[in-house]
Amino acid sequence: MRNYIRKLNSENKIAKGCTLVYPSPDVVEMLGMAGFDYIRLDGEHGAFSPESIDDMVRIGEGVGLFVLARVPSIEPYVINNYLDRGIKGIMGPHIENANDAKKLVDACRFYPEGQRSWGGGRGNYYHNLTMLEEKFGGKSKFVDISSDSIFIEAQIETTNSINNLDEILSVPGIDAYTFGPNDLAQSVQLPGQPEHEKVQKIMSDATSIIRKSGKFMSSDFLSSITLADLIIDGSQTYLKE
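As the structure is a computational prediction, the values presented were derived from the model and not from experiment. (Residues numbered from 1 in each chain as written. Predicted model: local features only at pLDDT ≥ 70, side-chain atom pairs only at ≥ 80, totals over all residues. Heavy atoms only, no water.)

## Details of the overall build of the chain
Then, in step 1: Looking only at helices and strands, the chain has 12 helices and 7 strands in total.
Then, in step 2: For a compact globule of 241 residues, the expected C-alpha radius of gyration is about 18 Å, and the chain comes in at 18 Å, within 12% of that figure.
Then, in step 3: Taking the principal axes of its C-alpha atoms as reference, the chain extends roughly 55 × 50 × 35 Å.
Then, in step 4: Taken across its 241 residues, the chain has 49% of its residues classed as buried. (Helix = DSSP H or I, 4+ residues; strand = E, 2+ residues; numbered from the N terminus. Rg over C-alpha atoms; globule rule 2.2 N^0.38 Å. Buried < 20%, exposed > 50% of the residue type's maximum accessible area, 1.4 Å probe, protein only.)

## Structural notes on the packing of helix 6 (residues 129–136) against helix 7 (residues 139–149)
Then, in step 1: Contact geometry for helix 6 and helix 7: axes closest at 8 Å, N-to-C directions at 65°. As far as their axial angle goes, helix 7 and helix 6 are roughly perpendicular. The two elements helix 6 and helix 7 cross, and the hand of that crossing is left-handed. Residues Leu129, Leu132 and Phe136 of helix 6 lie in contact with helix 7, whose contacting residues are Lys139, Lys141, Phe142 and Ile145. (Axes fitted to C-alpha atoms, helices over the stretch in contact; angles between N-to-C directions. Parallel < 35°, antiparallel > 145°, perpendicular 65-115°, else oblique. Left-handed = near helix turned anticlockwise from the far one by under 90°. Contact = heavy atoms within 4.5 Å.)

## Remarks on the nonpolar core
Then, in step 1: By size, the foremost hydrophobic cluster in this structure holds 52 residues, and its most contacted members are Leu20, Leu41, Ile79, Ile87, Ile90 and Leu104.
Then, in step 2: Excluding residues within four positions of it along the chain, Ile87 makes contact with Leu41, Ile53, Val57, Val67, Leu68, Ala69, Tyr82 and Ile150. (Core = buried A, V, L, I, M, F, W, Y, C linked by side-chain atoms within 4.5 Å.)

## Thoughts on unusual backbone geometry
Then, in step 1: With an omega of 10°, the peptide bond between Tyr111 and Pro112 qualifies as cis.
Then, in step 2: With respect to the helices and strands, the residue Pro112 is situated in the loop between helix 5 (98–108) and helix 6.
Then, in step 3: A positive phi angle is found at His127, which is not glycine, with a value near 55°.
Then, in step 4: For His127, the location among the structural elements is in the loop between helix 5 and helix 6.
Then, in step 5: A relative accessible area of 35% places His127 in the partly exposed class.

## A closer look at the sheet that holds strand 6 (residues 176–179)
Then, in step 1: Spatial ordering of the open sheet is given by 6-5-4-3-2-1-7, a layout of 7 strands whose pairing is parallel. What marks the edges here is a single partner per strand, and that holds for strand 6 and strand 7 (222–226). The mean inter-strand angle of the sheet, taken between neighbouring strand axes irrespective of direction, is 25°.
Then, in step 2: In this sheet, strand 4 (residues 89–92) lies alongside strand 3 (residues 66–70) in parallel orientation, the contact comprising 3 bridges. When the bridges of strand 4 are listed, Leu68 appears paired with Gly89. (Pairing = 2+ DSSP bridges.)

## Concerning the side chain of Arg70
Then, in step 1: Tracing the backbone shows Arg70 in strand 3.
Then, in step 2: Take Arg70: its relative accessible area is 14%, and that puts it in the buried class.
Then, in step 3: For Arg70, the residues in contact, after removing those within four places along its chain, are Arg40, Leu41, Asp42, Gly43, Glu44, His45, Met91, Pro93 and Gln155.

## Observations regarding the packing of aromatic side chains
Then, in step 1: Counting across every chain of the model gives 8 aromatic pairs.
Then, in step 2: Each ring, one from Trp118 and one from Phe142, has its centre 5.7 Å from the other, and the planes form 80°; the classification is edge-to-face. Of this pair, Trp118 sits in the loop between helix 5 and helix 6 while Phe142 sits in helix 7, and the two are 24 residues apart along the sequence.
Then, in step 3: Accessibility expressed as a relative area gives 23% for Trp118, which makes it partly exposed.
Then, in step 4: Looking at Phe142, the relative accessible area reads 1%, which means it is buried.
Then, in step 5: When the ring of Tyr125 is compared with that of Phe142, the centres are 6.0 Å apart and the planes differ by 90°; the resulting orientation is edge-to-face. Of this pair, Tyr125 sits in the loop between helix 5 and helix 6 while Phe142 sits in helix 7, placing them 17 residues apart in sequence.
Then, in step 6: For Tyr125, a relative accessible area of 22% gives the class partly exposed.
Then, in step 7: In textbook terms, an aromatic cluster arises when at least three aromatic residues are bridged by ring pairs, as seen for Phe110, Trp118, Tyr125, Phe136 and Phe142.
Then, in step 8: For Lys139, the ring lying beneath its charged end belongs to Trp118, and the centroid distance is 4.5 Å. (Phe/Tyr/Trp six-rings, centres within 6.5 Å; stacked < 30°, edge-to-face > 60°. Lys NZ or Arg CZ within 6 Å of the ring centre and 35° of its normal.)

Right, here's the structure in full:
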């Protein structure tokens, strides 16, 4: 239950992970066997049903992976659907202001840090009070551990969110911040040009503000590759040999 991502960070290590856009228990198992630290399910652009998330988490945990997800929306019922499956880290997309940041934290952490709703899925051991007592010392201690162990990332993706960055950073409970370079490029009338110097400067300046405020970037904790990178780039390298 303890936060593996923060544990690695305390040891000056960066967690290595892979982002998935479709469910595949076989792929998850192989990633664990290969030695990855985590997987991230892309619920915003990927194809994951609640049942497939259950399977991804089960397999991931079975091979020692910390399972994160980017959710499609920061609405509490959407985030609950992921946390109740056993997801241990949530990336909230399109955080535009302090209200959005607070909404994200409230959905992810139990009281007093947030307002997370109690569910009965595998993420809460199916509300089996005997197991919660034996493993954690009771439901209230499980709640405390769950709130402490969840890893929350806020995604900054538009000029509006950049303009509201100070108020977003004032909201406690977010572990790290990251950008959405493509959406950010589009918001400054440069669609498809995340490498443009204007977009890069916006992200560089925002990163400085985030660090000066004593907060962290996702890159301080995580390094990620996509499955497409592994398969396509890896295959192309192999085919050229």
